[in-house]
Structure formats: structure tokens, C-alpha cells
Amino acid sequence: MWGYRVAQSFVFAIEEINRSAHLLPNLTLGFSIRNSGDSVHGALYETMGFLTGQEEPIPNYTCQHGSPQAALVGDTRSSLSVSMARLLGLYKFSQVSYSSSLPSLSDKIQFPSFLRTLTSDITSSHAVTQLIIHFQWSWVIILAQDDDFGQQASSLATQQLSPAGVCIEYHLHVPSHQSLGKIEETVQKMQKCTSKVVLVFLSNSNFQLILHGLLGVPVSGQVWVSKGTLHMALALTIPGISQVLQGTFGLLYHSSRAIGFPEFLAHLRPSQTPEDMFIKKFWEFTFDCTWPYQNSTVTEGVQFCTGNESLKNKPHPFPEVSKIDAAYTAVYSIAHALHNMLACEHQERKGTNSHNFHSWQLLHALKKVHFKTLDGIKIMFDANGDLVTKFDIFQGQKTPAGVFHLVHVGMIDPQVSSGNKMMVQLKEDLQVSSLNAEKTVVLESSPSKDNNRKKPIQGRKPCPRKSKK
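Note that this is a predicted model, so its numbers are computed, not measured. (Residues numbered from 1 in each chain as written. Predicted model: local features only at pLDDT ≥ 70, side-chain atom pairs only at ≥ 80, totals over all residues. Heavy atoms only, no water.)

S.K.: Hey, could you run me through the overall build of the protein chain in this one?
M.R.: Tallying secondary structure elements over the protein chain gives 14 helices and 15 strands in all. By the burial criterion, 50% of the 469 residues in the protein chain qualify as buried. Sequence separation of 24 or more characterises 65% of the internal contacts of the protein chain that already satisfy a separation of 6 or more. Element-wise, carbon and sulfur atoms account for 52% of the exposed surface of the protein chain, whose accessible area totals about 23900 Å². (Helix = DSSP H or I, 4+ residues; strand = E, 2+ residues; numbered from the N terminus. Buried < 20%, exposed > 50% of the residue type's maximum accessible area, 1.4 Å probe, protein only. Contact = heavy atoms within 4.5 Å. Areas by Shrake-Rupley, 256 points an atom, 1.4 Å probe, with all protein chains shown as cover.)

Next comes the structure, spelled out in C-alpha cells:
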């Protein structure tokens, strides 16, 4: 259960900050963890409960004593974060998401108090498109979700690929709501395609359905290119999928690692956190066991949980890309904003009490936060509240023993210069089918006065008539 491990990275960060003698000294952070039930209704209900301090929340009425709420971390899915952000924006109450990447959340008119410790889908889509240009692949398929993101991302890709001399054989659109009939139709079209490069703008669930449909199908040698490496990590839990995904490329935003977090998880025990209402369910799922209840009898084939099982022997699949410590940076961003806000008020001798500040004051400090994490990663937000970061490039490879794993092979830096320039850096020994790219190249996709179209790659034939499905 990825979500529970992420929640533990939230707890780990808070405990680490509370032990620090430099960050928020003489101030202890508290927390509560709430379950939205993966529904918009649940997310709004829990958000209102958090704001009002009531189990049965009444809008605009607060009934709580003691320490004030500083900020909210979450949610995971963009559809939930959007609803929460609309509500929290009314109060200028800070919200930091570690996973919601919907482009519209960058709009500070609609979502004035929303920030995130990752980039928007459009930024990552721009980066992965330039990766294709870098490899000088000239014949591709675009596989896109039939929603706002898929349409925006595929349109952006077309605008960048066509002037660079890259031909698009098919635009294949997959409904955002799961449709097995449409999935089967898409798989049949892919069998007829001659392109070996597939540019993917899909949800995790639809991506897995497409790959599952291709199992056993005579489609070989395809290179999948996705803006999200997590796509691959989740898909690879399906037996046999590695046969389809060999040679795949994916991006992952470059972020901080929570040093010591694996050890923290390894020592986690239900008996140590009896107030944790989620841990027993997580324990049953992870260790495939059942908690014994009073007067319960031993049933053949049923394994009882003891509470002494160790997560050290149950690592999350593909830890290099699974981001189980995703909430760590979000918590530290809020802590640094609090620290800076209180330090500024102290310097100006306003004597602000840490128990008495306005939500807009923390939001102002959060937008300007700029610090280095314990492992040396710079953290700051741009004007849209998105994390300023680079992208790590991962490739799916098989070891000589036949084990499939995801290998870090390079980096894309959108911040090298202004405009749409992106630098792509790859390892010298990287094998990419039969196409070899230079080690480093800077790609320019913005028009100039002298030449408003990027020159096509030399030696390429004109594109055949494109198909759109």
C-alpha cells in the first residue's frame, strides 16, 4: 500500500524536524492524518473537519483550542486536490501536494493557496517530448488519454515534434473512463502500426490495461516513452509485462531522499503506535496475515499477524522510482516557511506568537521558501507554486540473469536557460536501439525572427500523410 508508506514519510519528517536544534527550535509540530476515502466528498468533509476542529464540521465556524493548524499536505490524486484547493483558497490556507500534477492547478487565480513538490504534467510532457527529439527518432505513435491533460499534452507534443522533423503515424485516444472495448480496439491498431516508438500520455490504470492487452501479441521492438516512471513501476507488478516494456524510457522529477526513512519503516510496529487506525489494515495487506480476535479459532491455511513482522523484508517494488517518501519534502517546505515567518516577525520586533498568526502570513512565506534538504537538494517554488526541479531519466533494462530493473541513465534540466531550451544529458554507454545520440545537447524550440520554424533533422524524408484515430 503505497499511500500508507507515504503517510509514514510525513510522520518521519515531522519527528525529524522536532528533534532539530536549528529548524523551529523550541517549537513542536503536531499532526493528524485523515482518510479521504479516495473520493471528492470524503476529501472535502475531512478538509472542513480539519479547518473547523469538529467531527461534524460547520462551515465558517471554528471550535478548537490550543495549537493552530498551519497547513495541509495532500491529496494524492489531482481530482481530490482540486476540490480541496478551491475550498482552502477561500481562506488563503496553505496546501502542499506531493503527487497532484494536473496543469490547471498552476493557475493561481483559481487556486491561490495551492503549491506542490513536483512539476505540472505539461512541464514533464514538454521534457519527454524533447527526449524524443534528442534521440532523433523520426516515426512515432502518440497514445493519449481522452481528457484535458491528454489533449493538452498530445497537442504540445505535436507542436514540438513536427517542426523538428518527427513524423506522427497515429494519434490513438483512450477514454478517461475505462472501456475494455476501446482498449481492445487500440491494441488492434497498435499491431498494425509500423512505428517502434510510443509516446504515452495515459493514466496508470489505462496504461496497464493497454500493456496487458499487448501480452502475447506479436508486437516487438517497441520503445515506450512516458512522462512518468511510476507508470512503469506500477505496470511491472503484472506478471510478464517486462516483455513488453523492454527499452522503455520514463522521467521522474529530481527530488530529495529521506535519509534514514527505510530504517524508520523497518522498525515500525503496531504495538508502538496504538493510535494509528490504519496500521493493522496495512499490516494484513503487506504480510498476507489476519489479526486474531478474541475467541477466534485457528483455521487451516490462515496465517495470523503477530505484530513482530518486519518491513525490512518487505520493500516496496522498484524503490528507486516509487517515491514512498513523497511527503517528506512537503513537510520540510512548510516547516521552513514557518521558521522564516517567525524569524522575520522577530527581527521586525512585532513579537508574533507562534500560536497566533494568520493563514495568509504562512502562505506568503511558503511561496518564497528557498532551502536545501539534508541530502543537498535545492527546494523552491516558481510563480505558479510548482517545484523548480530537473528530471531524472530512467530506462528499463534486463540484467544478464534476466531480472528487469529501472536504471538511471541521464537527466533533463528545464532551467538551463530561459525560454523553451532544455538540456539533455545521457550516460556515454547508453544503448538506445540502433540510434546513438550525443552525450549532451541543448534543444531550442522557441521561434526566432529569422526562422520561425525549427529546421527538420537532415536526411529525413517528408512525413507521410498522418493518421488520427
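S.K.: How should the pattern of salt bridges be read in this particular structure?
M.R.: Charged atoms that come close allow side chains of opposite charge to pair. The final tally for this structure, using the stated rule, is 6 salt bridges. Residues Asp38 and Arg77 are paired through a salt bridge, measuring 2.8 Å at the closest nitrogen-oxygen approach. Taken together, the positions of Asp38 in the loop between helix H1 (2–19) and helix H2 (40–52) and Arg77 in the loop between strand E1 (72–73) and helix H3 (78–90) put the pair 39 residues apart, joining distant regions of the chain. Given the relative accessible area of 47%, Asp38 is considered partly exposed. With a closest N to O distance of 3.7 Å, Glu185 and Lys182 form a salt bridge. Of this pair, Glu185 and Lys182 both sit in helix H6 (residues 180–192), separated by 3 residues, roughly a single helical turn. Overall, Glu185 belongs to the partly exposed group, its relative accessible area being 35%. With relative accessibility at 23%, the residue Lys182 sits in the partly exposed group. Overlapping salt bridges, with partners in common, bring together Lys182, Glu185 and Lys189 in one network. (Salt bridge = Lys/Arg side-chain N within 4 Å of Asp/Glu carboxyl O.)

S.K.: How do you make sense of the sheet that holds strand E3 (residues 114–116) when you look at a structure like this?
M.R.: Strands pair in a sheet through their backbones, by hydrogen bonds, and they do so in one of two ways: parallel or antiparallel. The 3 strands lie next to each other as E1-E2-E3, forming an open sheet whose pairing is parallel. Edge positions in the open sheet fall to E1 and E3, since each of these has one partner strand only. As paired elements, strand E2 (residues 95–97) and E3 share 3 bridges and run parallel to each other. Bridge pairing links Val96 to Leu115 in E3. Sheet strands touched by H3: E1, E2 and E3. Its angle to E2, the strand with the most contacts, is close to 165°. (Pairing = 2+ DSSP bridges. Axes fitted to C-alpha atoms, helices over the stretch in contact; angles between N-to-C directions.)

S.K.: Teacher, can you tell me more about the environment of Trp139 here?
M.R.: Mapped onto the elements of the fold, Trp139 is located in strand E4 (residues 139–146). Trp139 gets classed as partly exposed once you look at its relative accessible area, which sits at 27%. As a C-alpha pair, Trp139 and Thr194 span 55 residues in sequence and 8.5 Å in three-dimensional space. A distance of 2.8 Å separates a polar atom in the side chain of Trp139 from a polar atom in the side chain of Thr194. (Polar contact = N/O pair within 3.5 Å; in protein donor to acceptor, adjacent residues only side chain to side chain.)

S.K.: Any chance you could explain the nonpolar core here in plain terms?
M.R.: Note that soluble globular proteins tend to have their nonpolar side chains buried in a common cluster. Within the largest apolar cluster, 53 residues are counted, with the highest numbers of intra-cluster contacts made by Ile17, Leu24, Trp283, Leu338 and Leu362. Contributing elements (two or more residues each) for this core: H1, helix H10 (261–266), helix H11 (279–287), helix H13 (327–347) and helix H14 (359–367). At 11 residues, H13 tops the list of elements feeding residues into this core. Apart from the residues within four sequence positions on either side, Trp283 is in contact with Leu268, Arg269, Pro270, Asp288, Cys289, Trp291, Cys305, Gly307 and Glu309. (Core = buried A, V, L, I, M, F, W, Y, C linked by side-chain atoms within 4.5 Å.)

Geometric values such as these leave the question of function open.
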